[in-house]
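Residue-level structure breakdown
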Amino acid sequence: MTRARSFIKGVLVLAMLVGCSEDQPKPKPDLPVIVPPPRTGESPPVDRNIFPPLGATEFLTANENELASNPNANYGYGYNGRQVLGDSDEDGAKNGDAEPAPPFQPEAEPDPTRAIVEADIYKVDGNFLYVLNAYRGLLIFDISEPDHPKIAGRLPLEGQPVEMYVRDGRAYFLLSDYFQYWMYDPEADPLGFHGSEVIIADVSDATAPRFLSHLTVDGEITDSRMVGDVLYVVSKRNPEYWRYNTTDWMDRTWVLSVNVADPLAIHEIDQITFDGSSTLIHVAPHAVFVAAVDPNYYLYDSENDQQTKITYVDISDPEGDLQLRGDLYVPGMVADKFKMDWSDHTFRVFSQRWQNGRQTELHVYDTNHPDAITELGSLVIQEELYGNLQGTRFDGARAFAEFNDYEVIGNNWISVDRLLTIDIGEPASPALAASLRLDGYVSHFETRGNRLLAFGQQSNYSWAGNYKAQISLFDVADLTAPQLLSQAELGFGNNSWSSGNYDYKAFKVVDELHLILTPVSWSEAYNYHSGTQLV
């Protein structure tokens, strides 16, 4: 344990020193010469007819080439896209009120041998620690002596790092440069491409990592998974509203499969494109569920709420072929990927409505026939006007959620947090098993058998307003009677906070060391400190 703590402390010190020392040798990685593609031409002329004349009291705000929104709808937080656009086929054509497609084939049975690997921003492989840094690219630390880690090599990367994989002497990087504000200016387009990139590097010699190949990806990569030699990538693009005379206002999402077996010949296998802007996915061994904000999410009326469209993409083919299956509309917003889960031919999702009242719900859908997904059951968790769903976690026939609402005590509104345990053993009738009052909110849950780890922020509603980041451990063997076993406050002084509350990858449970690592900052005697806490 002492060696592990010394190793982590040493790595942190090294990470702070990287780039500050002038006498460190700088390796010269073997980078390719990038040849910009030919220019795409001059900018189109601005159609002045779309501007109303001075003094005009009536005018059209979109030309005939632009898809005008529903003139009877109010502009605001979310008219559901199904009612404006209808369900769309692959070509984007309207289906209107057409009946859902018949179940042409049943859901594929998941292959339990297909291991799904999720990317990270750091990886330990043998005696080396690989760190993907937003400012310095790839950093490789030699940790053969845990008490004395040292930098072994570097590889500069251009773009915004998203995540990486490391295996078999190779590193796979997903980068996004996605320039949102370039406007038909050839001089502002040095690479001729604006989107994302998958890069493969040879790291078999940690002292001299080198570039092998790359593949450009449309849009901004938001998530990925690797299954064998197939990399599944989800990316999005948002419409360029600020361009005059544009006919391009549709949100777009891509799901693509990439063959990475040959590092010198990485290539796209298949791609699916559909409307809506996605940042969230849930991956099962046979399917990717993509949650996307519909194009008309920000148009609403008093009769219709926001909806989130979730699309079923079949990835059961081990060679990487993709098949677009059915979709479903969930009322309200799906806040993060932990609010979605697939298990035993059912898809479960937490959502929260924001218009026409505020309601938090759990929905369960039957996916036995992915071309015609149907709802099995639902559970209204809360109907509080000011309630808010925080961290959630599915675990087989169980689900856990933290819900925040308010109570009136005296003349004050006091925030109240509760741990909810939910039984979904009967998918058609999910039921709330218990509610346990907490002393703070929870942003992230981890399950270990009948133990539930909860990471969040402590609340102390005194006039001093003190609060601290904290980790709680619960016994959930009996869903009807969850028990708090212990808690650990993070940091020192009266106040502390952690970026782990906003980025779940910053909260790391190292089972083999029986440790939890998370960054923490705190204030003490008007001084601010930061570090990594081990629990």
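Structure: see above.
Position numbers for residues start from 1 in each chain and track the written sequence from start to end. In keeping with the model being predicted, local features are shown solely for residues with a pLDDT of at least 70 and side-chain atom pairs are shown and tallied solely at 80 or more, while totals for entire chains, interfaces and linings include all residues. Working from all heavy atoms in the structure, the side-chain values ignore hydrogens and water.

Digging into the overall build of the chain
Here a helix means four or more residues in a row that DSSP labels H or I, a strand means two or more in a row labelled E, and each is numbered from the N terminus. When helices and strands are counted, the chain shows two helices and 34 strands. For every residue, the accessible area (1.4 Å probe, protein chains only) is compared with the maximum for its type, and the residue is labelled buried under 20%, exposed over 50%, or partly exposed between those bounds. A burial count over the chain gives 46% of its 535 residues as buried. Taking all contacts inside the chain whose residues are at least 6 apart in sequence as the whole, residues at least 24 apart take part in 54%. Residues count as neighbours in contact if any of their non-hydrogen atoms are within 4.5 Å of one another.

Focus: the pairing of strand 2 (residues 122-125)
Strand pairing is defined by DSSP finding a minimum of two bridges between the two strands. Across four bridges, the pairing between strand 2 and strand 3 (residues 128-133) is antiparallel. When the sheet's bridge partners are listed, Tyr 122 is paired in strand 3 with Val 131.

A look at the packing of aromatic side chains
Pairing of aromatic rings covers Phe, Tyr and Trp, the last counted by its six-membered ring, and requires centre-to-centre distances within 6.5 Å; plane angles under 30 degrees mean stacked, over 60 mean edge-to-face, and any other angle means tilted. Per the counting criterion, the structure on display carries seven aromatic pairs. A centroid spacing of 4.6 Å and a plane angle of 25 degrees characterise the contact between Phe 455 and Phe 507, whose relative ring orientation is stacked. Taken together, the residues Phe 455 in strand 28 (residues 451-458) and Phe 507 in the loop between strand 31 (495-497) and strand 32 (508-510) connect sequence positions 52 residues apart. Judged by its relative accessible area of 4%, Phe 507 is buried. Note on Phe 492 and Trp 522: the rings are 5.3 Å apart at their centroids and 70 degrees apart in plane angle, and the pair reads as edge-to-face. Of this pair, Phe 492 sits in the loop between strand 30 (483-489) and strand 31 while Trp 522 sits in strand 33 (residues 515-524); the two residues are 30 residues apart in sequence, bridging distant segments of the chain. The class for Trp 522 is buried, based on a relative accessible area of 12%. An aromatic cluster is present here, built from Phe 289, Tyr 312 and Phe 347 joined pairwise through their rings.

Some details on the nonpolar core
What makes a nonpolar core is a set of buried Ala, Val, Leu, Ile, Met, Phe, Trp, Tyr and Cys residues whose side-chain atoms join them at distances within 4.5 Å. If you look at the biggest cluster of nonpolar residues, it comprises 18 residues, and the most contacted ones within it are Tyr 165, Leu 174, Val 198, Leu 231, Val 258, Val 260 and Ile 266. Looking at this core, the elements with two or more residues in it are strand 7 (170-176), strand 8 (195-202), strand 9 (210-218), strand 10 (220-227), strand 11 (230-237) and strand 12 (252-259).

Concerning the environment of Thr 253
Looking at the element boundaries, Thr 253 is found in strand 12. As a C-alpha pair, Thr 253 and Glu 220 span 33 residues in sequence and 9.2 Å in three-dimensional space. If sequence neighbours within four positions are ignored, Thr 253 has contacts with Val 234, Ser 235, Lys 236, Ile 272, Thr 273, Phe 274, Gly 276, Ser 277, Ser 278, Val 290 and Ala 292.

A look at the sheet that holds strand 11
Read from one edge to the other, the open sheet built from four strands follows the order 10-11-12-13, with strand pairing classed as antiparallel. Edge positions in the sheet fall to strand 10 and strand 13 (267-275), since each has one partner strand and no second. Adjacent strand axes in the sheet meet at a mean angle of 15 degrees, parallel and antiparallel pairs treated alike. As a rule, the C-alpha atoms of each element are fitted with a line to give its axis, helices using only the stretch in contact, and angles between N-to-C directions run from 0 to 180 degrees.

Description of the pattern of salt bridges
For this document, the term salt bridge refers to a Lys or Arg side-chain nitrogen within 4 Å of an Asp or Glu carboxyl oxygen. Within this structure, the stated rule accounts for 18 salt bridges. Across the pair Glu 163 and Lys 505 runs a salt bridge whose closest N-O atoms are separated by 3.2 Å. Remark: Lys 505 occurs in the loop between strand 31 and strand 32 and Glu 163 occurs in strand 6 (residues 160-167); sequence separation between them is 342 residues. Looking at Lys 505, the relative accessible area reads 14%, which means it is buried. The network of salt bridges with shared partners includes Asp 314, Arg 325 and Asp 371.

So, the sheet that holds strand 19 (residues 340-343)
The sheet built from four strands is open, its strands ordered 19-20-21-22 with antiparallel pairing. Since the sheet does not close on itself, it has two edges, and those belong to strand 19 and strand 22 (374-382), each with one partner. Ignoring which end each strand starts from, the neighbouring axes of this sheet average 15 degrees apart. Here strand 19 runs beside strand 20 (residues 346-352); their pairing, made up of four bridges, is antiparallel. Each residue of the ladder has a partner; that of Ser 343, found in strand 20, is Thr 346.

Things to note about a nonpolar patch on the surface
A surface patch of nonpolar side chains, about 470 Å² in accessible area, is lined by Tyr 386, Tyr 406, Val 408 and Trp 413. In this fold, Trp 413 is placed in strand 25 (residues 412-423). A residue is classified by how much of its surface remains accessible, and Trp 413, at 54% relative accessible area, is exposed. Surface patches are defined over residues having more than 30% relative accessible area and no salt bridge, joining like charges when they lie within 9 Å and nonpolar side chains (Val, Leu, Ile, Met, Phe, Trp, Tyr) when within 5 Å. Where accessible areas are quoted, they stem from the Shrake-Rupley method and a 1.4 Å probe; at the residue level, only the protein chains shown are allowed to cover.

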